[in-house]
Amino acid sequence: MIKKAEFVTSSQKYTDCPPPFKPEYAFIGRSNVGKSSLINMISNKKALAKTSSTPGKTQLINTFEMDDTWYLTDLPGYGFAKVPKGVRGGFNKMIYDYIEFRKNLVNVFLLIDSRHKPQEIDLQFIQWLGKKGVPFSIVFTKLDKISSTEYQKNLNNYKTELLKTWEELPVIFSSSASSQIGKLEILGYIDSLNEH
Ligand code: GTP
Ligand code: MG
């Protein structure tokens, strides 16, 4: 369990993020998938990261520090059609540069809405992570909004899709910010990576 969770800073570019001297993890995914909500859930702080039912809430790289030892980063969502094209391009550059060049980034958690079929934009993003050699895991979110049968079906679909291009599956988590599902698993995984 996290004892202390603090907001550090919001940055427009990865170069403005805090000095890269602590291990860092990032939540990434489409707008509205639940990145900010998951940060609040795992840190036991209801309003640490700002959430909204309107997509496009998080617009900067937000760094949070956990237990004085590691950083957790909340990113803007990708693929949000309602922001003007120029702004969207800016978001994408912000996100892609951060992931490619942030030196202390240990693992990216790619959040995917568990209710949806594999989406092209997520699959492309996964291919890009692979091309860049960025370690990542997948978190299927909003588990409370779907039956377990439906979830198993979607999960199997996803695995089949991934195995078309990947030899091995990434580590996969499932979560619900409203039902507190997935917290221990995700934190346990981060702990195990921090110990290396
Ligand atoms: P952007 O910052 O816009 O990219 O979105 P985000 O990915 O940070 O999503 P955010 O956490 O703001 O959540 C979006 C909406 O989904 C909010 O209305 C949340 O309350 C809701 N939500 C997030 N996680 C869950 C969940 O696990 N279950 C349910 N039922 N709703 C969720
Ligand atoms: Mg957000």
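Residues numbered from 1 in each chain as written. Chains lettered and ligands numbered in written order. Predicted model: local features only at pLDDT ≥ 70, side-chain atom pairs only at ≥ 80, totals over all residues.

## Some remarks on the sheet that holds strand E5 (residues 105–113)
One open sheet holds the 7 strands; their spatial order is E1-E3-E4-E2-E5-E6-E7, and the pairing between them is mixed. One side of each edge strand has no neighbouring strand; the edge strands of this open sheet are strand E1 (5–11) and strand E7 (172–174). Neighbouring strand axes in the sheet, compared pairwise and without regard to direction, differ in orientation by 25° on average. The pairing of strand E2 (residues 24–29) with strand E4 (residues 70–74) spans 4 bridges and is parallel. Pairing of Glu24 across the sheet is with Tyr71, part of E4. (Pairing = 2+ DSSP bridges. Helix = DSSP H or I, 4+ residues; strand = E, 2+ residues; numbered from the N terminus. Axes fitted to C-alpha atoms, helices over the stretch in contact; angles between N-to-C directions.)

## A word on the environment of Cys17
Within the secondary structure layout, Cys17 lies in the loop between E1 and E2. Taking C-alpha positions, Cys17 is 28 Å from Ser176, a pair spaced 159 residues apart along the chain. When near neighbours in sequence (up to four residues on either side) are disregarded, Cys17 contacts Ser11, Ile61, Thr63 and Arg102. (Contact = placed C-beta atoms within 7 Å.)

## Examining the site of ligand 1
If you check the shell around ligand 1, you find 23 residues, and the closest are Gly34, Ser37, Thr51, Thr58 and Gly77. Classifying every residue of the shell around ligand 1 gives 4 nonpolar, 14 polar and 5 charged. (Near = placed C-beta within 6 Å. Nonpolar A, V, L, I, M, F, W, Y, C, P; charged D, E, K, R; others polar.)

## Details of helix H3 (residues 120–132)
Compared with the 18 Å implied by 1.5 Å per residue over 13 residues, the 18 Å span of H3 between its first and last C-alpha is a close match. Buried within H3 we find Asp122, Phe125 and Ile126. Buried residues of H3, viewed axially, fall in a sector of 100°; they line one side. Set apart from the buried face of H3 by more than 90 degrees, the exposed residues are Glu120, Ile121, Gln124, Gln127 and Lys131. Next to the buried residues of H3 lie E5. Gly133 sits one or two residues past H3 and shows a positive phi near 70°. (Expected span 1.5 Å × (residues − 1). Buried ≥ 20, exposed ≤ 12 C-beta atoms within 10 Å, placed from the backbone. Arc of directions from axis to C-beta.)

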